[in-house]
Structures are given as structure tokens and as C-alpha cells.
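Listed below are the residues making up each chain.
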Amino acid sequence: MDKDNISDFELELENLINSTTQLTFPFLSGDKKKREILLEEKIHIDSEIDCISEKYQIEADKIKSEREKIWDNAMSTAENKFCTLSPSLRMNSFFLQEFMHEYAKNQVKWIKQTAYEKQ
């Protein structure tokens, strides 16, 4: 990757991470709906990572096998940060933002390592 591509690559990944800070649950949504939104956001982040990887010709096949572990680690991190709340109160928009931010950040870290190892 040349310098311009590296800058664009870094910017796209950073934008993906930053986008997670804007996530919210709809007002008065129930637990089932919130869990659906979590999974929808996971799929969205995975898709964005795949598109960015493909665009910059980064082999992302390995990350696909790591995603469940990254997901579980992100869940643990978010749950630890919100452990003072009861489980019924924990699933709020701040939790969503923290969880998805951690999930995206960890995938981005993995993708960057893969991209820069090839150079």
C-alpha cells in the first residue's frame, strides 16, 4: 500500500470506529428488539470491515474465524464496564455504543496488523 492508500485506509477504519459512538436504541424498545439491533450492528460492522479489506486488497479470511472471539471479548469488556447496573438496566444505548465500539476497534486492530505485516 502506498502512502495515500494508507491514509485513506486508516481514515475509513477510524470512521467506522467513530460511527459506533452515535448508536442508540429506539425509545422504549424491549430486550428482544435490543438484541436484534446488537446483531444487526455486528453484521454491519463485519460487512464494513470486509468491504474495506477488499478495497485495499487485505486478506481478511482469517478475521472471519476470529470474529466470535472478538465478539465475546467485546461483550466481556462492555459488561465489565457496566457491571454495577442490573442486567435489565445494563442493555442501554451507552452499553450498545461501548460494545460496538470495542467490537469495531478490535477488528480494526486485527485488520491493521494483517495489512502492515504484508508490507
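**Student:** What should I look at first to understand the overall build of the chain in this one?
**Tutor:** For the chain, the helix and strand inventory stands at five helices and zero strands. Element order for the chain, N to C, with α for helix and β for strand: α-α-α-α-α. Here the C-alpha coordinates of the chain stretch approximately 50 × 25 × 20 Å along the principal axes. Residue burial in the chain is summarised as follows: out of 119 residues, 38% are buried. Here the contacts in the chain between residues at least 6 apart in sequence split such that 80% fall between residues at least 24 apart. A total accessible area of about 7400 Å² is found for the chain, and carbon and sulfur atoms account for 51% of it. A gap of 4 Å separates the mean positions of the 17 positive and 23 negative side-chain charges of the chain.

**Student:** How should I be thinking about the nonpolar core in this particular structure?
**Tutor:** When a protein is soluble and globular, its nonpolar side chains tend to lie buried together. Ranked by internal contacts, the top residues of the largest apolar core, which has 31 residues, are Phe9, Phe99, Met100 and Ile111. Elements represented by at least two residues in this core include exactly α1 (3-19), α2 (31-55), α3 (61-81) and α5 (93-117). Sort the elements by how many residues they give to this core and α5 lands first, with nine residues. Here Ile111 is in contact with Phe9, Leu13, Ile49, Ser53, Ile58, Ala60 and Ile63, once residues within four sequence places are set aside.

**Student:** Would you explain the environment of Asn92 in this entry?
**Tutor:** Here Asn92 is to be found in the loop between α4 (87-90) and α5. Along the sequence, Asn92 and Ser29 sit 63 residues apart, while their C-alpha atoms lie 9.8 Å from each other. Excluding residues within four positions of it along the chain, Asn92 makes contact with Phe25, Phe82 and Leu85. A distance of 2.9 Å separates the side chain of Asn92 from the backbone nitrogen of Phe95, its partner in a polar contact.

**Student:** Got a minute to help me understand the confidence of the model for the chain in this structure?
**Tutor:** Of the residues in the chain, 95% have a pLDDT of 70 or more, and the chain-wide mean is 89. Here α4 stands out as the element of the chain with the lowest mean pLDDT, 83, in contrast to α2, whose mean of 94 is the highest.

**Student:** What is the right way to read the packing of α3 against α5 from this model?
**Tutor:** The packing of two helices is summarised by the inter-axis angle and the distance between the axes. At a closest axis distance of 8 Å, the pairing of α3 and α5 adopts a crossing angle of 145 degrees. When you trace α3 past α5, the crossing you get is right-handed. Across the interface between the two elements, Lys62, Ile63, Glu66, Arg67, Ile70, Trp71, Ala74, Met75, Thr77, Ala78, Glu79 and Lys81 of α3 pack against Phe95, Glu98, Phe99, Met100, Glu102, Tyr103, Asn106, Gln107, Trp110 and Ile111 of α5. Each residue belonging to the contact of α3 with α5 can be placed in one class, and the counts come to twelve nonpolar, three polar and seven charged.

**Student:** Explain the packing of α2 against α3 to me, please; I cannot follow it from the model alone.
**Tutor:** Following both chains from N to C, one finds α2 and α3 inclined at 140 degrees, their axes separated by 12 Å at the closest point. Relative to α3, the element α2 is oriented oblique. When the axes of α2 and α3 are compared, the crossing they make is right-handed. Contacts between α2 and α3 involve Leu38, Leu39, Lys42, Asp46, Ile49 and Asp50 on the former and, on the latter, Lys64, Arg67, Glu68 and Trp71. Residue classes in the contact of α2 with α3 are distributed as four nonpolar, no polar and six charged.

Basis of the calculations
- Residues numbered from 1 in each chain as written.
- Predicted model: local features only at pLDDT ≥ 70, side-chain atom pairs only at ≥ 80, totals over all residues.
- Heavy atoms only, no water.
- Helix = DSSP H or I, 4+ residues; strand = E, 2+ residues; numbered from the N terminus.
- Buried < 20%, exposed > 50% of the residue type's maximum accessible area, 1.4 Å probe, protein only.
- Contact = heavy atoms within 4.5 Å.
- Areas by Shrake-Rupley, 256 points an atom, 1.4 Å probe, with all protein chains shown as cover.
- Lys, Arg positive; Asp, Glu negative; His and termini not counted.
- Charge placed at Lys NZ, Arg CZ, Asp CG, Glu CD.
- Core = buried A, V, L, I, M, F, W, Y, C linked by side-chain atoms within 4.5 Å.
- Polar contact = N/O pair within 3.5 Å; in protein donor to acceptor, adjacent residues only side chain to side chain.
- pLDDT = per-residue confidence, 0-100.
- Axes fitted to C-alpha atoms, helices over the stretch in contact; angles between N-to-C directions.
- Left-handed = near helix turned anticlockwise from the far one by under 90°.
- Nonpolar A, V, L, I, M, F, W, Y, C, P; charged D, E, K, R; others polar.
- Parallel < 35°, antiparallel > 145°, perpendicular 65-115°, else oblique.

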